[in-house]
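If you want the building blocks of each chain, they are given just below.
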Amino acid sequence: MDYLKGLAAPDRCERLGAGVALSMGCGQIQGAILAGALGLNRRTYSQTYGCQFTLSLSIINTFQRTVLIAHGPVGCGACSVANAGSIKKFKNLRQATNEGLIWVSTNLGESEVINGGENKLRQTILEVDKLFRPEIIIIPVGCVPAIIGDDVESLVAALANQVSAKLVPVHSAGFKSKVMATAYDDVYHGVLKNLTGKLPLEASEQLLDPIEEGRRRLALSRTVNVLNVFSMSYDDERELRRLLEALDLKARFFPEFTDRGDFKTVLDGALNVSLCGTHDDYYLEHVKSLYGQPFITDTLPVGPRNTARWLKLVAGFFGETERAERLIAAEEAALNQVLGPFRQAFLGKKAFLSGGEVRVVATAELLNFLGLTVVGFKGHHLDRFILPAWEQLEVPPQTVFHVATQQPSEQISLINRLKPDLFVGHAGGNNITARQGLPILPLFSNAYGYMGYSGIFEVARRLRRILQNGAFNRNLAKHRPLPYRKAFYDCEADAYLEGPRPLSEGQLTAQNLGQ
Amino acid sequence: MGCEKVIERPRSVCALGGQQTVVGIKGAAPIVHAGPGCAAKIGEALTGQAGFQGPGPLGGPTIASTNLSESEVVFGGEEKLRQTLEGALKVLKADIFVILTGCVPDIVGDDSLALAADFREAGHNVVAVETGGFKGNGYYGHEEVLSALIKQILIPKAGRNKKARPRNKKIPLINVFSSIPYQNPFWRGDLRAIKELGALLGIHVNLLFGPDSGGLAEWLTVPEADLNVVISPWVGLSAAKLLNEAFGTPWLYWPVPPVGAMESSLFLTSLGHSLGLPQKRIRLATNWGEDRAHQYLEAITEFLTESRNGLPQTFHVVADSAYALGLSKFLVNEMGFTQGLTFLTDDPPEHLRAQIAKPFGEFDGPAISPIFESDGGFMDRELDLALKQDNEAVMLASSWEKSLAKEHGAYLVAVSLPIWDRLVINRHYLGYEGGLNLLEDLYQSVLAKVH
């Protein structure tokens, strides 16, 4: 893969043929992806969701010793300033001393729309470098500079020798992609071009004792870079570290909560392991082709089967499959012992999941394991990265898989038709289904564990508490009905998807059978 | 307005902040004509990061949006807007739809106003406002929404509101333009407090926004009011002027929002006189309010005079000009505090600044000059210096100042945007009780630190 010669990362609609406006049965998913039939990505009625700019902040905000310059009007990214508070807390978990997020907006106005925003950005970069002396100045570029044609790349190149910080532009204009997850590629594009690179050999290293050097290389040969995501917690990192250490592997987490130097040192690790293909493929593929670093991107270690598969793949790379199998057996036995009393509370409960494609499928496997029945999904988008997690899951082929980024009206229709007992959802849509009276389990949290074996226990513990008394949401549904017309409730969730649907079940079956 | 300088730690959003003004009207649905993330960003910035106010009945993820992509940037987005609006009319149960534009259509030149006019022709309540983010801040966006509602709905419909019940002319009716929905995290409680002040005088109050207002039906009675009351140093003045030109309604300009007993009584007296109410009725109202507030103030005298907690004397303010004026006047004139640094963050138009700053020079304590500033970096450095000299001061500021408070061991009450370490439900600082609420919050921050 080499997209780095381009100004920005390509839109995922083009690069991956990702779909954002679809509805089908789970039995059709594999066929539709393999056939590249993920629809037109258009709907006749749409509601707001996050754009690339917003989502790019989920990585950028976590960087250490970094100043963020949002290049756009002052509203661009305003949704994420609270991260200054929460991110500081999460940063402190990893490194005791750090500044809170330093957030600057170029606050573009009418005059820049006419005359261009480059001068204002130049002044901002120079000022920020002088004032804060950060290691990185990262510059997400929004819709306005993209339309008026600010040449941020040339500006950054011209300033590179005048500032001490490393400058990283991130081209994330919201209108450029319908697939919000293109944001991850935008950030990695900037990181790969400006922060990644082999470290020069230090003089001390060159003179290293051959025995010391041998030890260092041995340690590196057992070092795994785990690519973390914003939708995980420090507890998740600790759990994955625990499991990898049980295999005598050293885990290093990045790119979140990392700093400038880390992007260079990680290149010496033996293996890059992704937790979610949707998040990382752009980085992994590039680093492999540029620096020859191998990678594994498969499933997300949420749920016992996914965790086991993830662990075995990593262990397999180091020839430790058997050891991993023993570890998995011991962990599962311990888990089954403590889960007994919880399972009773979940028996016969039906769940609906909404959020990122890989996350919802992996979490469904976890819920199945706990004894719940999954009755439907709403994925933010659909592409091939769902497939590994998909293989761990058993659901009837007619189970609905609807594809929409947020779009609460479609979510409401699905919930009304499927009548689950529990909604497991991504941030932003949970308040809608709470008003339908359902108990809600957040799909992820920065503060709780979901991954590995301790994550399963943690989810079980919280889920039992959530299902114990759903009075608040039930009461809310009675008194605060949702603001939709009666005619709306007669429509199916796919009523507003434009153009031809993906292939019919018959067509797909024919394709799958190779007919 | 408001885009001349770079801003560190922003306190306001862009002009699309007007979206939340629409969400604040019962039964009003915003239709955002912009890129996919714009409505979501503004919604989150002004709810989740403004005291967790919640998305509102027709706000948050339910906001219809054209989610513009590259093809609309090249070919224009009017057709997409028409389609989204038609969808919203079919799907959403709303009395009025307000199109708000973002940067993209305002640059490529979509004519949303003409489209809204077409839909009004066809009998729908549809309004359009140009709120491209680069045009100004959230306060500007709020004013633009008020102006659009007046020009596109109230003026054309005036005298044709057949459903309106004839009102009892003996009970005066006022329209209030005060705390701004969502951009002031305490707007719901504040507006209710104003309604309760009006009830003390026996008058009807059109709040226009929030749980205690009446949605479009209430808005349609705006032209019938006896008086428009602007309880703010500048936001709402242009609406009052427009309404005066259109309907001849006089207005009362009350630049310092009334916080506490003293100011609430002054406000009620002035309001009563403007409406020609009998002196006795006004006095009964103010006597009742003051007596009640002073019973509570008397009760905290022991805490204030015998406490061994080293209570703060100086306060610094970082807030919009309305709140800075209201909270400061109460603390100085009624509670005997000393005013410290005062930053006004709402970036009001230049020609109004002298008028906004004037009351600060007339408080009972030493006269101060407020600083109009929206760059958090500058404020941070100034406050840092001030707290080095006196760390027993209290800051009435935002959650941005939390690290500063922690560093200096100073006290902080988050009263302005952004607020992410405090949940706001119906808390309010306006009215007789508002002053008491402020004291509770202020001394709570002291006690929480000491014990």
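Residues numbered from 1 in each chain as written. Chains lettered and ligands numbered in written order. Predicted model: local features only at pLDDT ≥ 70, side-chain atom pairs only at ≥ 80, totals over all residues. Heavy atoms only, no water.

1. Looking at the environment of B:Tyr429
Residues and elements named next belong to chain B. Applied cut-off: Here a helix means four or more residues in a row that DSSP labels H or I, a strand means two or more in a row labelled E, and each is numbered from the N terminus. Classification of residues uses two cut-offs on accessible area relative to the type maximum, computed with a 1.4 Å probe and protein chains only: under 20% is buried, over 50% is exposed, and between them is partly exposed. Counting of polar contacts relies on pairs of N or O atoms within 3.5 Å, with two restrictions inside protein: one atom must be capable of donating a hydrogen and the other of accepting it, and residues adjacent in sequence are counted only when both atoms are side-chain atoms.
Position of Tyr-429 among the secondary structure elements: in the loop between β14 (411-414) and α18 (431-450). Take Tyr-429: its relative accessible area is 0%, and that puts it in the buried class. As for Tyr-429 and Arg-281, which are separated by 148 residues in sequence, their C-alpha atoms are 25 Å apart. For Tyr-429, the side chain forms a polar contact with the side chain of Asp-441, separated by 2.4 Å.

2. What about the interface of chain B and chain A?
Our working definition: A contact between two residues is defined here by any heavy atoms of the two lying within 4.5 Å. The term buried area refers to how much accessible surface (probe radius 1.4 Å) is lost by two components on association, counted for both of them together. What counts as a salt bridge is simple: a side-chain nitrogen of Lys or Arg found within 4 Å of a carboxyl oxygen of Asp or Glu. Residues are grouped as follows: nonpolar covers Ala, Val, Leu, Ile, Met, Phe, Trp, Tyr, Cys and Pro; charged covers Asp, Glu, Lys and Arg; every other residue, Gly included, is treated as polar. Here the rule is simple: two strands pair whenever DSSP picks up at least two bridges between them.
Counting residues at the interface gives 59 residues for chain B, matched by 60 residues for chain A. Roughly 4700 Å² of surface becomes buried between chain B and chain A when both sides are summed, with 63% attributable to carbon and sulfur atoms. It is B:Lys41, B:Pro61 and B:Val91 in chain B that bury the most area against chain A; as a group they hold 15% of the surface buried on that side. We note a salt bridge from A:Lys176 to B:Glu70, for which the minimum N-O separation is 3.5 Å. Counting across the interface, chain B meets chain A through 18 residue pairs in polar contact (both at pLDDT 80 or more). Residue assignment for the side of chain B that touches chain A shows that the elements contributing at least two residues are β1 (7-8), α2 (38-45), β3 (64-65), α3 (70-75), α4 (78-91) and α5 (103-108) of chain B. Per-element accounting of the side of chain B that touches chain A gives the leading share, eight residues, to α4(B). Considered class by class, the residues forming the side of chain B that touches chain A number 31 nonpolar, 16 polar and twelve charged. Inspection of the sheet shows strand β3 (residues 102-105) of chain A paired to β1(B) by two bridges, in the antiparallel sense.

3. Concerning the environment of B:Val98
Looking at the element boundaries, B:Val98 is found in strand β4 (residues 96-101). Once residues within four sequence positions are removed from consideration, B:Val98 is found in contact with B:Val22, B:Ala29, B:Pro30, B:Ile31, B:Val127, B:Val129 and B:Leu149.

4. Some words on the sheet that holds β14(B)
Residues and elements named next belong to chain B. Spatial ordering of the open sheet is given by β12-β11-β10-β13-β14, a layout of five strands whose pairing is parallel. The open sheet is flanked by β12 (371-372) and β14, the only strands paired with a single partner. Two elements, strand β10 (residues 314-319) and strand β11 (residues 338-344), share five bridges in a ladder whose sense is parallel. Bridged to Val-318 within β11 is Phe-343.

5. Observations regarding unusual backbone geometry
For the peptide bond that leads from A:Phe254 to A:Pro255, omega is 10 degrees, which places it in the cis range. By the secondary structure assignment, A:Pro255 is in the loop between β7 (250-254) and α13 (262-265). Look at the link from B:Leu417 to B:Pro418: it is a cis peptide, with omega at -10 degrees. Turning to its location among the elements, B:Pro418 is positioned in the loop between β14 and α18. With phi around 50 degrees, A:Arg65 is a residue other than glycine that occupies positive phi space.

6. Structural notes on the domain arrangement of chain A
All names here are of chain A. Quick note on the threshold: An automatic or database domain assignment is the source of the domain bounds shown.
Once the domains are mapped, chain A shows domain 1 (52-171), domain 2 (214-322) and domain 3 (341-512). Taking the mean C-alpha position of each, domain 1 and domain 2 sit 28 Å from one another. In this assembly, 17 residues from domain 1 lie in contact with twelve residues from domain 2. Summed over both sides, the interface of domain 1 with domain 2 buries roughly 1300 Å², with 61% coming from carbon and sulfur. With its nearest N and O atoms 2.3 Å apart, the salt bridge here joins Arg-65 to Asp-259.

7. Description of the domain arrangement of chain B
Residues and elements named next belong to chain B. Domains assigned within chain B are domain 1 (15-157) and domain 2 (165-451). In this complex, domain 1 contributes 35 residues to the contact, which on the side of domain 2 involves 38 residues. Summed over both partners, the interface of domain 1 with domain 2 buries about 3000 Å², with 68% contributed by carbon and sulfur atoms. On the domain 1 side of the interface with domain 2, the three residues burying the most area are Gln-53, Tyr-139 and Leu-154, jointly 24% of the side's total. Between domain 1 and domain 2 we count 15 residue pairs in polar contact (both at pLDDT 80 or more) in total. At the level of secondary structure, the elements contributing two or more residues to the side of domain 1 that touches domain 2 comprise α1 (18-23) and α7 (138-157). In terms of residue count, α7 provides more of the side of domain 1 that touches domain 2 than any other element does, 13 residues in total. Each residue belonging to the side of domain 1 that touches domain 2 can be placed in one class, and the counts come to 14 nonpolar, 16 polar and five charged.

8. Some thoughts on the packing of aromatic side chains
The cut-off we apply is this: Here a Phe, Tyr or Trp ring, Trp counted by its six-membered ring, pairs with any other such ring whose centre lies within 6.5 Å, and the pair is stacked when the planes are under 30 degrees apart, edge-to-face when over 60, and tilted otherwise. By definition, being over a ring means that NZ of Lys or CZ of Arg is both within 6 Å of the ring centre and within 35 degrees of the ring normal.
Per the stated rule, a full pass over the model turns up 27 aromatic pairs over all chains. Plain terms: the ring middles of B:Phe315 and B:Phe337 are 6.2 Å apart, the flat faces sit at 75 degrees to each other, and that makes the pair edge-to-face. Remark: B:Phe337 occurs in the loop between α14 (321-334) and β11 and B:Phe315 occurs in strand β10; sequence separation between them is 22 residues. With respect to burial, B:Phe315 and B:Phe337 carry one shared label: buried. Through successive ring pairs, a cluster of aromatic residues spans A:Phe63, A:Tyr188, A:Phe254, A:Phe263 and A:Tyr283. In this structure, A:Arg359 packs its charged tip against the face of A:Tyr450, placed 5.2 Å from the ring centre.

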